[in-house]
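Fold and geometry: a report
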Amino acid sequence: MPEVIFTGPAGRLEGRYHPAKQKNAPIAMVLHPHPQFRGNMNHPIVYQVYYAFVARGFSVLRFNFRGVGRSQGSFDHGTGELADAASALDWAQTINPEARACWVAGFSFGAWIGMQLLMRRPEVEGFISIAPEPNRYDFSFLAPCPSSGLIVHGEKDIVAPAKDVNTLVEKLKTQKGIVIDQQTIPGANHFFEDRMEPLMETITSYLDMRLANVR
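What you see is a predicted model, and the numbers here were worked out from it, not measured in a lab. (Residues numbered from 1 in each chain as written. Predicted model: local features only at pLDDT ≥ 70, side-chain atom pairs only at ≥ 80, totals over all residues. Heavy atoms only, no water.)

**Brief notes about the overall build of the chain**
The following threshold applies: In this text, helices come from DSSP runs of H or I with a minimum length of four residues, and strands from runs of E with a minimum of two, each type numbered from the N-terminal end. Whether a residue is buried, partly exposed or exposed follows from its accessible area with a 1.4 Å probe, protein chains only, as a fraction of its type maximum: under 20%, in between, or over 50%, in that order. Residues count as neighbours in contact if any of their non-hydrogen atoms are within 4.5 Å of one another.
Along the chain, the regular secondary structure elements total five helices and eight strands. Helices (α) and strands (β) of the chain occur, in sequence order from the N terminus, as β-β-β-α-β-α-β-α-β-β-α-β-α. Along the first, second and third principal axes, the C-alpha atoms of the chain reach 40 × 40 × 35 Å. Put simply, the chain has 215 residues, and 53% of those count as buried. Within the chain, contacts between residues at least 6 apart in sequence are counted, and of these 70% link residues at least 24 apart.

Here's what the structure looks like:
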């Protein structure tokens, strides 16, 4: 898991990168929660999702948004962070020119950034959106949502109430040609405290199902 430094729009960005053994392996990028609420690339959920992709043969990148850790710049309310994510994906694609596919995963604030990136990058064929906050962030840009993916959230999440996530999912489900898999983790709050195991079981089962269909 080498440390990597690459150039972002506001200066250098710090990340961790795990190269796959296979040349044409797919790429995955995992985005962390809100920088102003202690979000960083070593958050336990980010870390575990990162290794779920590693275990399935992906080349995987996680990184700190601007102003977090050793990444330069300062918080930019989502606009700059989306630019950071685009630069990070550019970097990953540059060193994996033969990659056959790309996935984006994000938790909370990172889920919002990841879904925006999805709209701008047609090569992203799958997403994992963990505890998105449609009550706080505008997701109307998903018109239409270009890729199938998983939206997973906690039953007892008071930061992003289930009713708001349900409304978002119902809107996305009306679109043809994509499949949105929604999963609710019983008893889980926004941070999946004491519910990490069922969260990761849900994510890995979804990944295994999707990957079985492309092999």
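Don't stop here, the text continues.
**Side note on a nonpolar patch on the surface**
As a reminder of what qualifies: Without a salt bridge and with relative accessible area above 30%, a residue can belong to a patch; like charges are then joined within 9 Å and nonpolar side chains (Val, Leu, Ile, Met, Phe, Trp, Tyr) within 5 Å. Using a 1.4 Å probe, accessible areas were evaluated by the Shrake-Rupley method; residue-level cover was limited to the displayed protein chains. Salt bridges are defined as contacts in which a side-chain nitrogen from Lys or Arg sits within 4 Å of a carboxyl oxygen from Asp or Glu.
Judged by side-chain polarity, Ile158, Val159 and Phe191 come together as a nonpolar surface patch covering roughly 320 Å² of accessible area. Assignment of secondary structure puts Val159 in the loop between β7 (148–154) and α4 (162–173).

**A few points about unusual backbone geometry**
In this chain, Ala143 is followed by Pro144 through a cis amide linkage whose omega measures -5°. Turning to its location among the elements, Pro144 is positioned in the loop between β6 (124–130) and β7. The residue Phe192 is not glycine, and still its phi comes out positive at about 55°. Take Phe192: it is sitting in the loop between β8 (180–185) and α5 (196–212).

**Looking at the layout of surface pockets**
Spelled out, the test is: Site definitions follow a grid-based scheme: protein atoms alone, a 1 Å grid, a 1.4 Å probe that fits but cannot get out for cavities, and for pockets an open set with protein on both sides within 12 Å along at least five of seven lines, plus lining residues having an atom within 4 Å of a point. Grid points are joined across faces, edges and corners, and a volume is the space filled by probe spheres set on the points. In this count, Pro and Cys sit with the nonpolar residues alongside Ala, Val, Leu, Ile, Met, Phe, Trp and Tyr, while Asp, Glu, Lys and Arg are called charged and the others, Gly among them, polar.
The calculated volume of the largest pocket comes to roughly 200 Å³. In this structure, the largest pocket is lined by 13 residues; those nearest its centre are His34, Phe37, Ser108, His190 and Phe191. Classifying every residue of the lining of the largest pocket gives five nonpolar, five polar and three charged.

**Quick notes on the sheet that holds strand β5 (residues 102–107)**
Put simply, the rule reads: One bridge is not enough; two strands pair if DSSP finds at least two bridges between them. Note on definitions: angles span 0 to 180 degrees between N-to-C directions of axes, and those axes are lines fitted to C-alpha atoms, for helices only across the stretch in contact.
Within the open sheet, the eight strands sit side by side as β1-β2-β4-β3-β5-β6-β7-β8. Their pairing is mixed. Every interior strand has two partners, whereas the edge strands, β1 (3–8) and β8, have only one. Taken pair by pair, the neighbouring strands of this sheet meet at an average axis angle of 20°, ignoring direction. In this structure, β1 lies alongside strand β2 (residues 11–18), joined through six bridges in antiparallel fashion. When the bridges of β2 are listed, Glu3 appears paired with Arg16. Helix-sheet contacts for helix α1 (residues 44–54) involve β2, β3 (27–31), β4 (59–63), β5 and β6, and the interaxial angle to β4 is about 165°. The strands touched by α4 within the sheet are β7 and β8, with β8 carrying the most contacts at an inclination of about 165°.

**Section: empty space enclosed by the protein**
Going through the model one piece at a time under the given rule, you end up with one cavity of 30 Å³ or more. In this structure, the largest cavity occupies an estimated 30 Å³ of space. Residue lining of the largest cavity: Val104, Ala105, Gly106, Ala111, Gly114, Met115, Phe127, Ile128 and Ser129, and that is the complete set. The class makeup of the residues in the lining of the largest cavity is six nonpolar, three polar and no charged.

**Focus on the pattern of salt bridges**
One pass over the full model with this rule turns up nine salt bridges. A salt bridge links Glu14 to Arg16, with the nearest nitrogen and oxygen atoms 3.8 Å apart. Residues Glu14 and Arg16 agree in their burial class; the two are buried. Ionic pairing is found between Asp164 and Lys163, a salt bridge with its closest N-O pair at 3.6 Å. Overall, the relative accessible area of 59% leaves Lys163 in the exposed class. Among the charged side chains, a network of salt bridges with common partners joins Glu3, Glu14, Arg16 and Arg70.

**Remarks on the side chain of Thr202**
Applied cut-off: Polar contact is the term for a pair of N or O atoms within 3.5 Å; when the atoms are in protein, one must be able to donate a hydrogen and the other to accept it, and sequence-neighboring residues count only if both atoms are side-chain atoms.
For Thr202, the position within the fold is in helix α5. A residue is classified by how much of its surface remains accessible, and Thr202, at 17% relative accessible area, is buried. Here the side chain of Thr202 touches Pro198 through a polar contact of 2.9 Å, landing on its backbone oxygen. In this structure, Thr202 is in contact with Leu150, Val152, Gln183 and Ile185, ignoring residues within four places of it in sequence.

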